[in-house]
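Coordinate inspection notes
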Amino acid sequence: MTAHTDAIPFDSAFAQDLHARYAQLREAGPVHRLISDSGLPVWVLTRYSDARAMLTDPRLSKDAQAIFRLILDRFASESERQDSEDGRFAGAGFDMHMLNMDPPDHTRLRKLVVQAFTARRIEALRPRIEQISDELLTAMAGEAEVDFLDAFAFPLPIRVICELLGIDESRRDDFRHWTNQLLDDIDGEASAQAAREMAQYLTELLAAKRQHPADDLLTALIEVSEDEDRLSETELISMVFLLLVAGHETTVNLIGNGVLALLTHPDQFAALRANPELVDGAVEEMLRFDGPLMHATFRFTTEPITVGDTVIPAGEFVWAGLAAANRDPEKFPEPEAFDITRDSHGHLAFGHGVHFCLGAPLARREAQIALRGLLAHFPDLQLATAPENLSRRNSSLIHGLQALPVRLTPRA
Ligand code: HEM
């Protein structure tokens, strides 16, 4: 792949210092050219109004087949082109999901699962989510110090999404490992190996579920896939992959980043302790202030688009800079202040438009339950290290911590 030298590298130094870097770019102008971790040039939109508008602009596409052809035409070497299986995107075998498609395919796939994620269905899950959260918090009580990500923020969402899909959660450490390998910037072979293992796991999982159907989402999807007009086998595997990965990776970091924000803003933590009714607003502010996605996933221009004074030509990649937009002072006054009582309404942490996060009601509910549980079990929770000792993951999509060591003082 050929890299452009006139652009800013979106590297691990950028990821470690995300908000400061995005703030500098936003002040300098509404659109910038970066080099993504995969070496592809990408335009990033830093202002709230542009990022939001872009997410509903039909001139920007998410069609994975078209994106693949574009990469082949523009960036691949002759031998890479020849290796590419007749110019069709084969990917890892689980890339044909709704987040990689435009309508009408996107609409067809999303319709198949939308019912499982409505606010009403998620409300019905509340007692079970509370039970899991309580179990995890009770198990932590014997410890003086834990990594909050390991002990709580990771196991809660993975258990919930596994139960919803009807998957045995005993492989949850593998899911975490595979997802980290696929989403973080590590060497290509480790990531390819994770993709192979995950593809094999998903194939075996579907075969086992076909043998033993149950009252769960996976069985429902398998039944739909028997009518191939509605869901092909590759789309089925891809759907399960997307739900499994999107269903835990982001929520882990919403809870992790959110708890860090509370621990580093003791006045806000005290306000929440004094008035737990503020929990719902606190979760929205956590999403705005330090949400788990740096930017939306890749889109590409099907025709030229103008942002400020810049014309982005057709056939270019674009990111809506969600984390930059959520701290745009034009939309959120004093955006660097973490204030759980502010009106965070309209933040873009869940995206916008047809790809607006399907799991938003679930993620919100899990985070609200997590915070209420935390206040009840550990109202005096403290960071077990100085904030400057914490490091961020080296990902160019996920904005999360490597670890969050906390000191536990159980309720007296
Ligand atoms: C899409 C964020 C949790 C499933 C998205 C998008 C964002 C997002 C920004 C749009 C990406 C784009 O347009 O490029 C988040 C955040 C979460 C979260 C911040 C947690 C705090 C979840 C959960 C699920 C989920 C729990 C459950 C299954 C999905 C799916 C899509 C999606 C399926 C694709 C929707 C489509 O293409 O129509 N998410 N997500 N997400 N999310 Fe989430």
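Up top is the structure these notes are about.
Values in this document were obtained by computation on a predicted structure and should not be read as measured data.

Here's the deal with the nonpolar core
Ranked by internal contacts, the top residues of the largest apolar core, which has 101 residues, are Ala51, Leu165, Val240, Val318, Ala320 and Leu322. Looking at this core element by element, the count peaks at eight residues for helix H13 (residues 233–246). In contact with Leu165, other than residues within four places in its own chain, are Asp216, Leu217, Leu218, Val240, Leu243 and Leu244.

Observations concerning the pairing of strand E9 (residues 317–320)
Neither face of E9 is left uncovered, since the one carrying Phe317 and Trp319 and the one carrying Val318 and Ala320 both have all their residues buried. Examined bridge by bridge, strand E6 (residues 299–301) and E9 share two bridges and lie antiparallel to one another. Along E9, the bridge assignment pairs Arg299 with Val318.

Observations regarding the environment of Glu366
Tracing the chain through its elements places Glu366 in helix H18 (residues 360–377). For Glu366, a count of 29 C-beta atoms within 10 Å translates into the label buried. With near-sequence residues (within four places) excluded, Glu366 lies in contact with Ile129, Leu156, Pro157, Val160 and Thr251.

Some details on the packing of helix H7 (residues 119–140) against H18
As a packed pair, H7 and H18 sit with axes 9 Å apart at the nearest point and diverge in direction by 35°. In the packing of H7 onto H18, the handedness of the crossing is right-handed. Between H7 and H18, the residues in contact are Ala119, Ile122, Arg126, Ile129, Glu130, Ser133, Asp134 and Leu137 and Pro361, Leu362, Arg365, Glu366, Ile369, Ala370, Gly373, Leu374 and His377, respectively.

Notes on the site of the ligand
Not every one of the 24 residues close to the ligand is listed here, only the nearest: Thr250, Ala296, Gly351, Cys357 and Gly359. Listed by contribution, the elements that provide at least two residues to the shell around the ligand are H13, helix H14 (249–263) and H18. The class makeup of the residues in the shell around the ligand is 15 nonpolar, eight polar and one charged.

With respect to the environment of Leu45
In this structure, Leu45 sits in strand E3 (residues 41–45). For the pair Leu45 and Ala324, spaced 279 residues apart in the sequence, the C-alpha separation amounts to 8.2 Å. Those residues in contact with Leu45 that lie beyond four places of it in its chain are Pro30, Val31, Asp50, Ala51, Met54, Val307, Val318, Ala320 and Gly321.

Notes on the sheet that holds strand E5 (residues 145–147)
Strand order in the open sheet made by the three strands is E5-E11-E10, with antiparallel pairing throughout. At either end of the open sheet lies a strand with only one pairing partner, and these are E5 and strand E10 (382–383).

Overview of the pairing of strand E2 (residues 31–35)
Direction of pairing for strand E1 (residues 8–9) relative to E2: parallel, over a ladder of two bridges. By the bridge assignment for E2, Pro9 is matched with Ile35. Across five bridges, E2 lies against E3 in antiparallel orientation. When the sheet's bridge partners are listed, Ile35 is paired in E3 with Pro41. Hairpin remark: E2 followed by E3, antiparallel, with five residues in the connecting loop; positive phi at Gly39, about 90°.

Quick notes on the sheet that holds E1
With mixed pairing, the six strands of this open sheet are ordered in space as E1-E2-E3-E9-E6-E4. On the outer flanks of this sheet lie E1 and strand E4 (60–61), each paired with one strand and no other.

Basis of the calculations
Residues numbered from 1 in each chain as written. Predicted model: local features only at pLDDT ≥ 70, side-chain atom pairs only at ≥ 80, totals over all residues. Core = buried A, V, L, I, M, F, W, Y, C linked by C-beta atoms within 7 Å. Buried ≥ 20, exposed ≤ 12 C-beta atoms within 10 Å, placed from the backbone. Helix = DSSP H or I, 4+ residues; strand = E, 2+ residues; numbered from the N terminus. Contact = placed C-beta atoms within 7 Å. Pairing = 2+ DSSP bridges. Axes fitted to C-alpha atoms, helices over the stretch in contact; angles between N-to-C directions. Left-handed = near helix turned anticlockwise from the far one by under 90°. Near = placed C-beta within 6 Å. Nonpolar A, V, L, I, M, F, W, Y, C, P; charged D, E, K, R; others polar.

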